[in-house]
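Coordinate inspection notes
In case you want the letters, here they are:
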Amino acid sequence: MNRLVFSWPNGKVGALTTSWDDGTIHDRRLIAIFNRHGIKGTFNINSGVLINRAKKTVRYNYVSAKEVARLFKGHEVAVHTATHPFLWRSPDSMIFSEVVEDRRVLESLAGYPILGMALPYGGPDDERVKKVLKAAGILYCRPVAKNENFELPADFMYWPVTCHQSGDFVSLWEKFLKSPNQEKLFYLWGHSYEFPRDNNWERMEEFGKLTGKRKEIWYATNMQIYNYVTAWRSLSCSVEMNCLENRSGVEVWFRLEGELKRIVPGQIVKL
Ligand SMILES: [Zn+2]
């Protein structure tokens, strides 16, 4: 049994994060639902062709550049490449440009460094692609792969979700609440245009009522999860395991022989 055990911030027993692709105008209604229920979203946007390009179909009606900062405030804007190509079939130099160009435009709109990403069309766990994404500054990347469990990824550059919004999130959430896993994370993804397309916005109201505003759950964007877990993983523990140093910029919580403790950035604590 480990003396030192992971905890989510403030001793919360689980975390919930969500991820939404393509940046259509339906993100507006989704965010309104999430804000009512205290749920956070990461919104993966194609800057090149999508922003400001309103087409006549519901599917292709995108948010405008000028609303990005206000609409996604309190949530996260992330990369989905400039033009939504199949990355694993593209040359390295094109992958690099697609990501950096998307970052450049989105950062100028959102006002902060944008280092998170969702792969367009999902895609395989491809070492070549990941190498280029890292070179372009990306810290985590979400495919469409789902694992229907609540594990944190060993490799954030290929971070599978728990389930798609069309999946059976009710029974998965029940399993999640019962899971004794200290690091448990529930990770939902989808596209907001799926709700008007399938005429089932009530699904997200249901999701909000089911999962939102619970004291024991941490509601975080993808990047907040990445930051926290990476800070935990990079804590420096002495060889004799009697002291711990936090070299990161993130306050980290943990349990020592069952007792909840925290270590602030720069601090060394005796164990
Ligand atoms: Zn997409």
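Note that this is a predicted model, so its numbers are computed, not measured. (Residues numbered from 1 in each chain as written. Predicted model: local features only at pLDDT ≥ 70, side-chain atom pairs only at ≥ 80, totals over all residues. Heavy atoms only, no water.)

All right, on to the nonpolar core then. If you look at the biggest cluster of nonpolar residues, it comprises 45 residues, and the most contacted ones within it are Phe72, Met117, Leu133, Phe186 and Met204. Leaving out residues up to four positions away in the same chain, Met204 has contacts with Trp20, Leu30, Ile33, Phe34, Gln165, Phe169, Leu188 and Phe195. (Core = buried A, V, L, I, M, F, W, Y, C linked by side-chain atoms within 4.5 Å. Buried < 20%, exposed > 50% of the residue type's maximum accessible area, 1.4 Å probe, protein only. Contact = heavy atoms within 4.5 Å.)

Moving on, we get to the coordination of the zinc ion. At the metal site, the zinc ion is ligated by Asp22 (OD), His80 (NE2) and His84 (NE2), and these contacts range over 2.0 to 2.1 Å. Mapping the donors of the zinc ion onto the primary sequence yields the spacing D-x57-H-x3-H. In this pair, Asp22 sits in the loop between β2 (14–21) and α1 (27–37) while His80 sits in the loop between β4 (76–79) and α3 (92–110), placing the two residues 58 residues apart along the sequence. (Donors = N, O, S within 2.8 Å, 3.2 Å for Na, K, Ca; no water. Helix = DSSP H or I, 4+ residues; strand = E, 2+ residues; numbered from the N terminus.)

Before going further, it helps to spend a moment on the sheet that holds strand β13 (residues 259–263). If you trace the 3 strands from one edge of the open sheet to the other, you get β1-β12-β13, paired in antiparallel fashion. Of all strands in the sheet, those with a lone pairing partner are β1 (4–6) and β13, marking the two edges. Between one strand axis and the next, the sheet turns through 40° on average, direction left out of account. As judged from the 3 bridges shared by β1 and strand β12 (residues 252–256), these two strands associate in the antiparallel manner. Pairing of Phe6 across the sheet is with Phe254, part of β12. (Pairing = 2+ DSSP bridges. Axes fitted to C-alpha atoms, helices over the stretch in contact; angles between N-to-C directions.)

Turning to the pattern of salt bridges, a few remarks are in order. Enumeration over the complete set of coordinates arrives at 15 salt bridges. Note that Lys130 is salt-bridged to Asp155, the shortest N-O span being 2.7 Å. A residue pair is termed long-range when its members are at least 10 positions apart, and Lys130 in helix α4 (residues 127–135) and Asp155 in the loop between β6 (140–142) and β7 (163–164) qualify at 25 residues. The partner of Glu216 in a salt bridge is Arg214, with the nearest N and O atoms 3.1 Å apart. Through salt bridges that share partners, Asp125, Glu127, Lys130 and Asp155 make up one connected network. (Salt bridge = Lys/Arg side-chain N within 4 Å of Asp/Glu carboxyl O.)

A full pass over the atoms with the stated rule returns 24 aromatic pairs. Ring centres of Phe6 and Trp8 lie 4.9 Å apart, and the angle between their planes is 90°; on these two criteria the pair is classed as edge-to-face. The same class applies to Phe6 and to Trp8, which are both buried. Here Phe6 and Tyr228 contribute two aromatic rings whose centre-to-centre distance is 5.8 Å and whose plane-to-plane angle is 80°, an arrangement assigned as edge-to-face. A residue pair is termed long-range when its members are at least 10 positions apart, and Phe6 in strand β1 and Tyr228 in helix α8 (residues 222–233) qualify at 222 residues. For the residue pair Phe6 and Tyr228, the accessibility class agrees, reading buried in each case. (Phe/Tyr/Trp six-rings, centres within 6.5 Å; stacked < 30°, edge-to-face > 60°.)

Packed helix pairs are characterised by how far apart their axes lie and by the angle those axes make with each other. Where α3 meets α4, the closest approach of the two axes is 9 Å, and the angle between their N-to-C directions is 45°. Taken together, α3 and α4 sit at an angle that is classed as oblique. As for the relative orientation of α3 and α4, their crossing is right-handed in sense. Touching Asp92, Ile95, Phe96 and Val99 of α3 are Arg128, Val129, Val132, Leu133 and Ala135, all from α4. (Parallel < 35°, antiparallel > 145°, perpendicular 65-115°, else oblique. Left-handed = near helix turned anticlockwise from the far one by under 90°.)

On to the domain arrangement of the chain. Where the parts come together, the accessible area they lose is often given as the size of the interface. Under the domain assignment used here, the chain contains domain 1 (12–231) and domain 2 (236–270). Computed from C-alpha atoms alone, the centre-to-centre distance between domain 1 and domain 2 is 30 Å. (Domains from an automatic or database assignment.)

What follows is about the pairing of β12. With 4 of its 5 residues buried, β12 lies for the most part within the structure. As defined by bridge partners, β12 adjoins β13 across 5 bridges and the pair is classed as antiparallel. Residue pairing across strands places Arg255 opposite Leu260, the latter belonging to β13.

This model, assessed by the stated rule, comprises 0 disulfides. Here Cys141 is not disulfide-linked; the sulfur of Cys163 is the nearest cysteine sulfur, at 19 Å. With a relative accessible area of 1%, Cys141 lands in the buried category. The cysteine Cys243 is free of any disulfide, with Cys237 supplying the nearest cysteine sulfur at 7.3 Å. (Disulfide = S-S within 2.5 Å.)

Here we come to the packing of helix α5 (residues 169–178) against helix α7 (residues 202–211). The contact between α5 and α7 brings their axes to 11 Å, and the two run at 10°. Classified by the interaxial angle, the pair formed by α5 and α7 is roughly parallel. As for how α5 packs across α7, the hand of that crossing is right-handed. The segment α5 lies against α7, with Phe169, Val170 and Trp173 engaging Arg203, Met204, Glu206, Phe207, Leu210 and Thr211. The residue makeup of the contact of α5 with α7, split by class, is 6 nonpolar, 1 polar and 2 charged. (Nonpolar A, V, L, I, M, F, W, Y, C, P; charged D, E, K, R; others polar.)

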